[in-house]
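Observations on the three-dimensional arrangement
Listed below, chain by chain, are the residues.
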Amino acid sequence: FFPEFDNLDGPSIPARMLGGARAMVGRVAAAARGRKLVQEPAVRAAAAALCAVRPSREVASRVGVLSTRGGYAVRAPATRMNLSTAEGGKAEELAPFVYEDQFMKDILSNVRVIAMVGASPSWNRPSFFAMKYLQAKGYKVVPVNPSAAGTEILGEHCYANLKEMAAAGIEADMVDVFRGGAVVVPIAQDAIAIGAKVLWMQLSVRNAEAQALAEAAGLAVIQDRCPKIEFSRLYGELGWHGFNSGVISSKRRKLVSAEEGGKKEGKKEDSGAKDGAKEVVELPEANFRGFETRSIHAGAAPDPLTGARSTPIFQTTSYVFEDADNAAALFNLQTFGNIYSRLSNPTTAVLEERIANLEGGRGTTCTASGHAAQFLALFPLMSPGDTIVASSRLYGGSIIQLGKTIKKFGWLCSFVDVDDHEAVRAAMQKEGVKGLWAESLANPGGIVTDIRAMADICHEVGVPLLIDNTMATPWMCRPFEHGADIVVHSTTKFLSGHGHAMGGAVVDSGKFDWMKNDKFPSLSQPEPAYHGLTFGETFGDLAYTLYGHAVGLRDLGPTMAPLNAFLTITAIETLALRMERHCANALAVATFLQGHPQVAWVSYAKLPGNKYSDLADKYLNGHGGSVFTFGLKGGYPAGIKLVERVELLSHLANLGDVRSLILHPASTTHRQLSVEQRAAAGAGDDVMRISVGLETVSDITTDLKRALDSL
């Protein structure tokens, strides 16, 4: 289409080419309007150029163009266009696929009959789960499996192949493939032969040749997705259970069947038709991506029954089942719903989805505290004898938990200076290591972790990177964008922000493949408590979060109270405003302290000359946070005097509050550590920790000055 881009090599594109590449994508999107998705090498090169210089989901979505494939007037899917090094650039090498919501929504709302190739009669197999769920949503699902041909699966006759099914008079709108990618081509050929409109390949199923064949015949094609999961996400059900649906709407959220979904899902408005008749107008799909918007709306919607705009507090222990079959399906994890509030709660689910959305993750499990979140994050990863490698620059309570407490479970921890990348790499190479733990912005030292470097080291050995993002919050840092796999929060801190509510959160990126090796048997091997169900195989990128609820919260029980979830939901609505003022006040206070004669040093990433300033620009959006440390020339005795002589600042062990807080770590939070451990954690005898609040900044500095001057 545009020969000047034919020979571009994405990874080597200089920054000066960015404008040209962006223009290329825009020109193709405009030129190809109304035609098949353009997948020419020139387009791939342009998109790869953009991704190489500035990775962005928008690149993939802009390459998608209007299409009429399969009879659906929707935007066609696009892949995240990384240039493949494989011969022919097969789709298997282009990961992940990115599909616009409206494309999948139109398919799921128009399809009525689904032929499920590879449907299993075994209740604990993924295909059985998907078939049962889709049947409950009103679809006719016809099983196709030669090994079960002639039998019945969930009340439907099973056929040996698609042609046999068609000969029996069944017309399938969609073929859903539960078979390995290597055998999809003949299935695609049969799907074309029987007149199907959609070829849908399940999680981890991909085949470029099958896609090309099907699209050439006019079929819509989706790869590496589960229709059960996408239906539940797009129609709000998944969002009720802590997963990121990506849906922002002020309309009442309700569960729908396939028939109800078939009523056009595009936004409609009354254009003022006369005689009482409403003229229906189709509007473009709305995408709301602003951080402040998502802080207010993500996960929340008006109550479906009462229309209440604020999220209700569901102060209940348990939930009524529809019938015996519904109860069994819930306990078997075959459908989404609430059983008991130790496992899930509708109020808490709103908070879980909001945090997942702000972090850019797949799902969240909320807990009673930040420490509970840390334990729950490790629970699916660790077995007796396994090791977690952790930064030596952590909150004192985390060092105690990881260095001492987890030993009672047979788990081990090896601490390492994350500024020393080679030391980290050496520690990660050891037998039994299951992950690396670090803080994006360390408490209390104000140290910024090089997240991308740590992620690369982890992925070299096939284990996840876990980042505690409590101090930075997703307003400053989104670790998933830099390669992290799991994010942990103490929601008690900045997310709650008012000192009212305890809580924690574990967020999964959904990007780590738990099935790629045998290091994580809790997710990659059959789970005895669920009759041999394998979480990674059955739930794909939902596996880690579902395990956190269905096993972690069920068995360990560190459940967040619904009232605390409600308070935190409310607080997050103002997170962006609070964090902006927190950071501005903190920089002013750090500058003041740097000039005071009683202060020996100040560790704040955005002060001139600080060694972490460049990393703060890269990972913290140019900010330094609001919690940092400074050293007193008078040492330990001066620290005790200072916390006793401030008047406005509160002497307490929390941080991230709207109020300014001060602490002497050596005599409090890090008191249980040895002198060497305190020094390694940045909490020596002279160290003071301050969490700068939202008061008038001149009042904060006045209070500090009067106390410091008295030393």
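As the structure is a computational prediction, the values presented were derived from the model and not from experiment. (Residues numbered from 1 in each chain as written. Predicted model: local features only at pLDDT ≥ 70, side-chain atom pairs only at ≥ 80, totals over all residues. Heavy atoms only, no water.)

1. Some details on the overall build of the protein
What counts, and what does not: Comment: elements are numbered from the N terminus, with helices defined as DSSP H or I runs of at least four residues and strands as E runs of at least two. To sort residues, take the accessible area from a 1.4 Å probe on protein chains only and compare it with the maximum for the residue type: under 20% means buried, over 50% means exposed, and anything in between is partly exposed. Contacts are assigned to residue pairs that have any heavy atoms within 4.5 Å of one another. The Shrake-Rupley method, run with a 1.4 Å probe sphere, supplies the accessible areas, and residue values consider only the shown protein chains as cover.
Counting its secondary structure elements, the protein contains 27 helices and 25 strands. The 711 residues of the protein split such that 58% are buried. Long-range contacts, defined as pairs at least 24 residues apart, comprise 69% of the intrachain contacts of the protein with a sequence gap of at least 6. Taken as a whole, the protein presents about 28,200 Å² of accessible surface, with 52% of it coming from carbon and sulfur.

2. Re the nonpolar core
As a reminder of what qualifies: Among buried residues, those of type Ala, Val, Leu, Ile, Met, Phe, Trp, Tyr and Cys that are joined through side-chain atoms within 4.5 Å constitute a nonpolar core.
In terms of nonpolar packing, the biggest core is built from 133 residues, with Met 428, Trp 437 and Phe 535 touching the most fellow members. When residues in this core are grouped by element, the largest group, seven residues, is from helix α21 (residues 543-556). Beyond its immediate stretch of four places on either side in the chain, Trp 437 contacts Gln 374, Ala 377, Leu 378, Ile 388, Val 389, Ala 390, Ser 391, Leu 394, Leu 402, Leu 466, Asp 468 and Val 488. Grouped together as the second largest cluster of nonpolar side chains are 26 residues, Val 113, Ile 170, Val 185 and Ala 196 included.

3. Let's talk about the sheet that holds strand β22 (residues 627-632)
Note the cut-off: In this scheme, strands are said to pair when DSSP sees at least two bridges between them. Angular values range over 0 to 180 degrees, each being the angle between N-to-C directions of two axes fitted as lines to C-alpha atoms, with helices fitted over their stretch in contact.
One open sheet holds the five strands; their spatial order is β21-β22-β25-β24-β23, and the pairing between them is mixed. In this open sheet, the two edge strands, each paired with only one partner strand, are β21 (599-603) and β23 (650-651). By the bridge criterion, five bridges tie β22 to strand β25 (residues 687-691) in an arrangement that is antiparallel. Looking at β25, one finds that Phe 630 is bridged to Met 688. With respect to the sheet, helix α23 (residues 575-594) is in contact with β21, β22 and β25, its orientation differing from that of β22 by roughly 10°.

4. Regarding the pattern of salt bridges
Defined as follows: By salt bridge we mean one thing: a side-chain nitrogen of Lys or Arg within 4 Å of a carboxyl oxygen of Asp or Glu.
The final tally for this structure, using the stated rule, is 22 salt bridges. Arg 233 serves as the salt-bridge partner of Asp 101, at 2.9 Å between the closest nitrogen and oxygen. Of this pair, Asp 101 sits in helix α4 (residues 101-110) while Arg 233 sits in helix α9 (residues 227-234); the two residues are 132 residues apart in sequence, bridging distant segments of the chain. Here Asp 101 and Arg 233 have matching classes, each one buried. Here the residues in one salt-bridge network are Asp 101, Arg 225, Glu 230 and Arg 233, joined through shared partners.

5. Let's talk about helix α27 (residues 697-709)
This is how the line gets drawn: To estimate the expected span of a helix, count its residues, drop one, and scale the result by 1.5 Å.
Counted at 1.5 Å a residue, the expected span for α27 with its 13 residues is 18 Å, and the 18 Å between its end C-alpha atoms agrees. Of the surrounding secondary structure, the elements contacted by the buried residues of α27 are α23, β21, β22, α25 (635-645), β24 (661-663) and β25.

6. Digging into the confidence of the model for the protein
Detailed reading of the predicted model is not advised wherever pLDDT is low. The line we're drawing: A residue's pLDDT is the confidence the predictor assigns to it, expressed on a 0 to 100 scale.
For the protein, mean pLDDT is 84; residues scoring 70 or higher make up 82% of the total. A low-confidence stretch, residues 1-16 stays under pLDDT 50, and its non-local contacts, those more than four residues away or across chains, total 28 contacts. Taken as a whole, residues 51-95 scores under 50 in pLDDT and shows 133 contacts with residues more than four places along the chain or in a different chain.

7. Side note on the sheet that holds strand β14 (residues 363-367)
Pairing is mixed across the open sheet formed by seven strands, whose spatial order is β14-β20-β19-β18-β17-β15-β16. With one partner strand each, in any of the chains shown, β14 and β16 (412-416) form the two edges of the open sheet. Mean inter-strand twist for the sheet, computed between neighbouring axes without regard to direction, equals 20°. As paired elements, β14 and strand β20 (residues 504-508) share five bridges and run antiparallel to each other.

8. Let's talk about the packing of α23 against α27
This is how the line gets drawn: An angle below 35 degrees is treated as roughly parallel, one above 145 as roughly antiparallel, one from 65 to 115 as roughly perpendicular, and anything else as oblique. A crossing counts as left-handed when the near helix is turned anticlockwise from the far one by less than a right angle, and as right-handed when that turn is clockwise. Side-chain classes are defined by residue name, with Ala, Val, Leu, Ile, Met, Phe, Trp, Tyr, Cys and Pro counting as nonpolar, Asp, Glu, Lys and Arg as charged, and the others, Gly among them, as polar.
Two elements in contact, α23 and α27, have axes separated by 10 Å at closest approach and are oriented at 30°. Regarding the angle of α23 to α27, the classification is roughly parallel. As α23 runs across α27, the sense of the crossing is right-handed. Residues Asn 585, Ala 588, Val 589, Phe 592 and Leu 593 of α23 lie in contact with α27, whose contacting residues are Val 697, Ile 700, Thr 701, Leu 704, Lys 705 and Leu 708. In the contact of α23 with α27, the residues fall into eight nonpolar, two polar and one charged.

9. Structural notes on the side chain of Asn 207
To be explicit about the condition: Residues adjacent in sequence count toward polar contacts only when both atoms are side-chain atoms; beyond that, a polar contact is any pair of N or O atoms within 3.5 Å, and within protein one must be able to donate a hydrogen and the other to accept it.
With respect to the helices and strands, Asn 207 occurs in the loop between β10 (198-201) and α8 (208-216). Within the structure, the side chain of Asn 207 is placed 2.8 Å from the backbone nitrogen of Ala 210, a separation counted as a polar contact.

10. Here's the deal with the pairing of strand β19 (residues 486-489)
Burial along β19 is two-sided: the face carrying Ile 486 and Val 488 and the face carrying Val 487 and His 489 are both buried. Bridge count between strand β18 (residues 465-468) and β19: three bridges; the pairing is parallel. Note on β19: the bridge partner recorded for Ile 467 is Val 487. Judged from the four bridges that link them, β19 and β20 form a sheet pairing that is antiparallel. Paired with His 489 across the two strands is Ala 505, which belongs to β20.

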